[in-house]
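Report on the structure
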Amino acid sequence: MRESWGLLWALLRGRPNPLRRATDRREAWVALGALLLLVVAAPAAGWAGGAVADAALQRSVRAQHHERHPVDAVVLGRAPGRERFAGDPEGGAERAARIRVVASWQAPDGSPRTGEVAAASGHGVPGSPLRIWTDAAGVPVPPPMDARAARTHAVLGGIGTFLLAAGCVEAGRRMVVGRMVRQRYARLDREWAAADAGWGRAGTGG
């Protein structure tokens, strides 16, 4: 890889070198093309991937906020046989440690409901108010994704797309240069074989 970029630097400097082979110039042009792709195409792919991911995630956020409704519930007590469990990883540190409680609430249509829901560790006392999220039928659901969390996921997706594109460019460059090197060695082998065949003949100076 260092040799290819060195050839590229020599090509960009434009200084003639009688020892430079045609294959060296072609390898330098391949390196130049790879550099342009890394500088232009890979960031563009990362931006496009992040933009597509952000648009999809923001639509999901809006849909979740439309389909899920905040409801005020009342804690009836701790859920039997339930201890701590891992909360929603999209919710941040405040949801990292939660417990299961039995609570009562009203569905969006006004019908009473009772069931197990997740609560912060300090909301296990009976009679404590609790804010939960339900769907249109009053069934408890996880809170909707936060728009900031969605944006963070989109940025990470864009970075991943950029790294993938850059890796593909470098892999393509290595594959092309490797093929050129193999062809050069094969041509040298043929030339050496032809030279060996002529060394023992009369009049060849052998």
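Residues numbered from 1 in each chain as written. Predicted model: local features only at pLDDT ≥ 70, side-chain atom pairs only at ≥ 80, totals over all residues. Heavy atoms only, no water.

This part covers the overall build of the protein chain. Across its full length, the protein chain holds three helices and five strands. Reading the protein chain from its N end, one meets helices and strands in the order α-α-β-β-β-β-β-α. Of all 206 residues assigned to the protein chain, the portion counted as buried reaches 27%. Put simply, 63% of the contacts in the protein chain that link residues at least 6 apart link residues at least 24 apart. Carbon and sulfur atoms make up 62% of the accessible area of the protein chain, which amounts to about 13,300 Å² in all. (Helix = DSSP H or I, 4+ residues; strand = E, 2+ residues; numbered from the N terminus. Buried < 20%, exposed > 50% of the residue type's maximum accessible area, 1.4 Å probe, protein only. Contact = heavy atoms within 4.5 Å. Areas by Shrake-Rupley, 256 points an atom, 1.4 Å probe, with all protein chains shown as cover.)

Attention now moves to the side chain of Arg68. Note on placement: Arg68 falls in the loop between helix H2 (22–67) and strand S1 (69–78). Look at Arg68: it is buried, it has no salt bridge, and the nearest opposite charge is Glu67 at 5.5 Å. Within the structure, Arg68 has its side chain in polar contact with the backbone oxygen of Pro142 (distance 2.7 Å). From its side chain, Arg68 meets the backbone oxygen of Pro143 in a polar contact 3.2 Å long. Dropping the residues within four chain positions of it, Arg68 is found in contact with Trp133, Thr134, Val141, Pro142, Pro143 and Pro144. (Lys, Arg positive; Asp, Glu negative; His and termini not counted. Salt bridge = Lys/Arg side-chain N within 4 Å of Asp/Glu carboxyl O. Polar contact = N/O pair within 3.5 Å; in protein donor to acceptor, adjacent residues only side chain to side chain.)

So, about the side chain of Gln64. Inspection of the secondary structure assignment puts Gln64 in helix H2. Assessed through its relative accessible area of 16%, Gln64 is described here as buried. Among the polar contacts made by the side chain of Gln64, one reaches the main-chain amide nitrogen of Met145 at a distance of 2.7 Å. With residues up to four places along the chain from it excluded, the contact list for Gln64 reads Pro143, Pro144 and Met145.

What follows is about the nonpolar core. In this structure, Val71, Ala73, Val75, Ile99, Val101, Ala103, Trp105, Val117, Ala119, Leu130 and Ile132 together form the largest nonpolar core, which totals 11 residues. For this core, the elements supplying multiple residues, two or more each, are S1, strand S3 (97–106), strand S4 (112–120) and strand S5 (129–134). (Core = buried A, V, L, I, M, F, W, Y, C linked by side-chain atoms within 4.5 Å.)

Throughout the structure, instances matching the rule amount to five salt bridges. Across the pair Asp72 and Arg131 runs a salt bridge whose closest N-O atoms are separated by 2.8 Å. In this pair, Asp72 sits in strand S1 while Arg131 sits in strand S5, placing the two residues 59 residues apart along the sequence. A salt bridge links Arg174 to Glu170; its shortest N-O distance comes to 3.0 Å. Highlighted residues: Arg174 and Glu170, both in helix H3 (residues 147–199), separated by four residues, approximately one helical turn. Through salt bridges that share partners, Glu170, Arg173 and Arg174 make up one connected network.

The subject of this paragraph is the pairing of S5. Of the two faces of S5, the one lined by Leu130, Ile132 and Thr134 is fully buried and the one lined by Pro129, Arg131 and Trp133 carries no buried residue. Bridge count between S1 and S5: six bridges; the pairing is antiparallel. For Val71, the partnering residue across the bridge sits in S5 and is Ile132. (Pairing = 2+ DSSP bridges.)

Here we take up a positive patch on the surface. On the surface, Arg25, Arg26, Arg187 and Arg190 cluster together to form a positively charged patch. Taken together, the elements giving at least two residues each to the positive patch come down to H2 and H3. By secondary structure assignment, the location of Arg25 is in helix H2. Judged by relative accessible area, Arg25 falls into the partly exposed class, the value being 39%. (Patch = residues over 30% accessible without salt bridge, like charges linked within 9 Å, V, L, I, M, F, W, Y side chains within 5 Å. Charge placed at Lys NZ, Arg CZ, Asp CG, Glu CD.)

This paragraph deals with the confidence of the model for the protein chain. Per-residue confidence for the protein chain gives a mean pLDDT of 78, with 74% of residues at or over 70. Mean pLDDT in the protein chain bottoms out at strand S2 (residues 85–86), which sits at 46, and peaks at S5, which reaches 90. pLDDT under 50 marks residues 84–96. Its contacts with residues more than four places away, or in other chains, come to 20 contacts. (pLDDT = per-residue confidence, 0-100.)

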